[in-house]
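Coordinates in review
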Amino acid sequence: MGLCALILAACSDAAADPDMAVSIPETTPAMDRYAEFAVVVARHQAMSERVARISRRLRVANSPLCDVTRHDVGLLTHQLDDYPPSLRALALHFMALDEDGRFIRSVVPGSPADRARLRAGEEIVSGWPFQADQPLMVDNGDGAVPIRLQSDLACVAPAFVINSDRLNASTDGREIELSSALVEQVGDDAALALIIAHEMAHVLRGHHQYGLHWNAELQADADALTLMRNADYDIDGTVAAWEMGVDAHRDSQAMSATHPPLEIRLRNLEGALATLNNGPAGFRPLSDASRERDASGD
Ligand SMILES: [Zn+2]
């Protein structure tokens, strides 16, 4: 199922389901609603952490390619205002939030924040958004203390998980949204990295200024392999998985009007992979050559 989701996931122009609210049936008794919400929160938290980890690996490794970068310490933070009014009571109850203040929602494993032993639930009293050479004031319950963090330069192309049953990934040219259904179905991290890197390529290339036509999609596919390779993902295995997926879903090719047929995308990916594998070792820029090859449509 993961491959199917990967191939059919369209980065549509249409904004993904904007309804971030978790729908909870009104008829459910209060305690059941709480229990249901706790399960939804835990699942969403796990998905967000996974996407944050993969996204950060891509954004840090490719920071030389991005016009817009920031010093990233590997923290996801939140505050009560981030949640719809109807969910704030539940968020207060389940998410270690307070009426005001910004709190650590999660820490990306292996990140500077993780190495500094920052943990979910701690309050960031000041110093956020993080700036290099500025300490974060963090309160873990025993009073605020200054935490000096190393940071990594990272592209600004944040990726989020929204609650939606549709298999979809999209970007508005700035942020990347992945549906929860997609993240759940794509179990392999490299396969999910390909989807995130594809959307990231749209951001880096500024495709949204021109619209997402077939050439932009093919270019984003090819770029995604470059971004993944720079982040040390297994691009040979990822393309091989695509080949198997296309074989299994030849009948599904009419799925997306905004994307080229799967066979064309696959040949484009194979060409980009060969170019990367035959090229020099080490960090690679986004290719102008791939743009020309993509435009030829063969
Ligand atoms: Zn796309």
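First, a word on what this report is: a plain description of the structure on this page. Just so you know, these numbers come straight off a predicted model, no measurement behind them.

Scanning the protein chain from terminus to terminus reveals 10 helices and 10 strands. Carbon and sulfur atoms make up 51% of the accessible area of the protein chain, which amounts to about 14400 Å² in all.

Taken as a whole, the largest pocket spans an internal volume of roughly 1200 Å³. Every residue lining the largest pocket is counted, 41 residues in all, and those nearest its centre are Leu76, Thr77, Asp82, Arg105 and Phe160. Within the residue set of the lining of the largest pocket, elements represented by two or more residues are helix 2 (30-61), strand 1 (69-72), strand 2 (75-78), strand 3 (102-107) and strand 8 (159-162). Considering every element that reaches the lining of the largest pocket, the biggest residue donor is helix 2, with nine residues. Residue composition of the lining of the largest pocket, grouped by class: 23 nonpolar, eight polar and 10 charged. Split by domain, the residues of the lining of the largest pocket number at least three in each of domain 1 (2-15 + 156-296) and domain 2 (74-150).

Attention shifts here to the sheet that holds strand 2. In space, the five strands of this open sheet follow the order 2-3-4-5-6, with antiparallel pairing throughout. The open sheet is flanked by strand 2 and strand 6 (144-147), the only strands paired with a single partner. Each strand of the sheet is rotated relative to its neighbour by a mean of 40°, with strand direction disregarded.

Our focus in this paragraph is the sheet that holds strand 8. On the basis of which strands lie adjacent, the open sheet formed by three strands has the order 8-10-9 and mixed pairing. Where the open sheet ends on each side, the last strands, each with one partner, are strand 8 and strand 9 (169-171). On average, each strand axis in the sheet is inclined to that of its neighbour by 25°, with strand direction left out of account. Where strand 8 lies against strand 10 (residues 176-179), four bridges are found, and the strand directions are parallel. What sits directly across from alanine 159, in strand 10, is isoleucine 176. The strands touched by helix 6 (residues 189-205) are strand 9 and strand 10; relative to strand 10, the strand with the most contacts, the crossing angle is about 150°.

Glancing now at the packing of helix 7 (residues 214-230) against helix 9 (residues 262-278). Put simply, helix 7 and helix 9 touch, their axes get as near as 9 Å, and they point 40° apart. Judged by the twist between their axes, the crossing of helix 7 over helix 9 is right-handed. On the side of helix 7, the interface is formed by Trp214, Leu218, Asp221, Ala222, Leu225, Thr226 and Arg229, while helix 9 contributes Ile264, Arg265, Asn268, Leu269, Ala272, Leu273 and Leu276.

A few words on helix 7. Quick reminder: α-helices carry 3.6 residues per turn. Residues three or four places apart thus point the same way. With 17 residues, helix 7 extends 25 Å from end C-alpha to end C-alpha; this agrees with the ideal 24 Å at 1.5 Å per step. For helix 7, the buried fraction is high: 15 of the 17 residues fall into the buried class.

Let us now look at the nonpolar core. Ranked by size, the top nonpolar core spans 45 residues in total, and within it Val51, Leu58, Leu178, Leu192, Leu225, Met228 and Tyr233 carry the most contacts. Going through the elements one at a time, helix 2, strand 8, strand 10, helix 5 (180-185), helix 6, helix 7, helix 8 (235-248) and helix 9 are the ones with two or more residues in this core. Here the element with the most residues in this core is helix 6; it accounts for 11 residues. In this structure, leucine 192 is in contact with Arg50, Val51, Ile54, Leu178, Val183 and Val186, ignoring residues within four places of it in sequence. Counting 12 residues, the second largest nonpolar core, distinct from the first, contains Ala113, Phe130, Leu136 and Val138.

So, about the side chain of arginine 50. One can find arginine 50 in helix 2. With sequence-adjacent residues up to four places away left out, arginine 50 is seen in contact with Val183, Val186, Gly187, Asp188, Asp189 and Leu192.

Let's shift gears to the pattern of salt bridges. Scanning the entire structure with this criterion turns up 11 salt bridges. The partner of glutamate 184 in a salt bridge is arginine 43, and the shortest N-O contact between them spans 3.1 Å. Remark: arginine 43 occurs in helix 2 and glutamate 184 occurs in helix 5; sequence separation between them is 141 residues. Between aspartate 223 and arginine 205 there is a salt bridge, with the nearest N and O atoms lying 2.6 Å from each other. Residue aspartate 223 is located in helix 7, and its partner arginine 205 is located in helix 6; the two are separated by 18 residues in the primary sequence. Residue aspartate 223 is classed as buried on the basis of its relative accessible area, which comes to 0%. Here the salt bridges do not stand alone but share partners, grouping Arg56, Arg59, Arg70, Asp72 and Asp152 into one network.

Our focus in this paragraph is the packing of aromatic side chains. Counted under the stated rule, the structure contains one aromatic pair. Their ring planes at 45° and their centres at 5.7 Å tell us that phenylalanine 37 and phenylalanine 94 sit as a pair that is tilted. With phenylalanine 37 in helix 2 and phenylalanine 94 in helix 3 (residues 88-94), the pair connects residues that are 57 residues apart, well separated along the chain. For phenylalanine 37, a relative accessible area of 3% gives the class buried.

About the criteria used
- Residues numbered from 1 in each chain as written.
- Predicted model: local features only at pLDDT ≥ 70, side-chain atom pairs only at ≥ 80, totals over all residues.
- Heavy atoms only, no water.
- Helix = DSSP H or I, 4+ residues; strand = E, 2+ residues; numbered from the N terminus.
- Areas by Shrake-Rupley, 256 points an atom, 1.4 Å probe, with all protein chains shown as cover.
- 1 Å grid on protein atoms, 1.4 Å probe; cavity = no way out; pocket = protein on both sides within 12 Å on 5 of 7 lines; lining within 4 Å.
- Points joined across faces, edges and corners; volume = space filled by probe spheres on them.
- Nonpolar A, V, L, I, M, F, W, Y, C, P; charged D, E, K, R; others polar.
- Domains from an automatic or database assignment.
- Pairing = 2+ DSSP bridges.
- Axes fitted to C-alpha atoms, helices over the stretch in contact; angles between N-to-C directions.
- Contact = heavy atoms within 4.5 Å.
- Left-handed = near helix turned anticlockwise from the far one by under 90°.
- Expected span 1.5 Å × (residues − 1).
- Buried < 20%, exposed > 50% of the residue type's maximum accessible area, 1.4 Å probe, protein only.
- Core = buried A, V, L, I, M, F, W, Y, C linked by side-chain atoms within 4.5 Å.
- Salt bridge = Lys/Arg side-chain N within 4 Å of Asp/Glu carboxyl O.
- Phe/Tyr/Trp six-rings, centres within 6.5 Å; stacked < 30°, edge-to-face > 60°.

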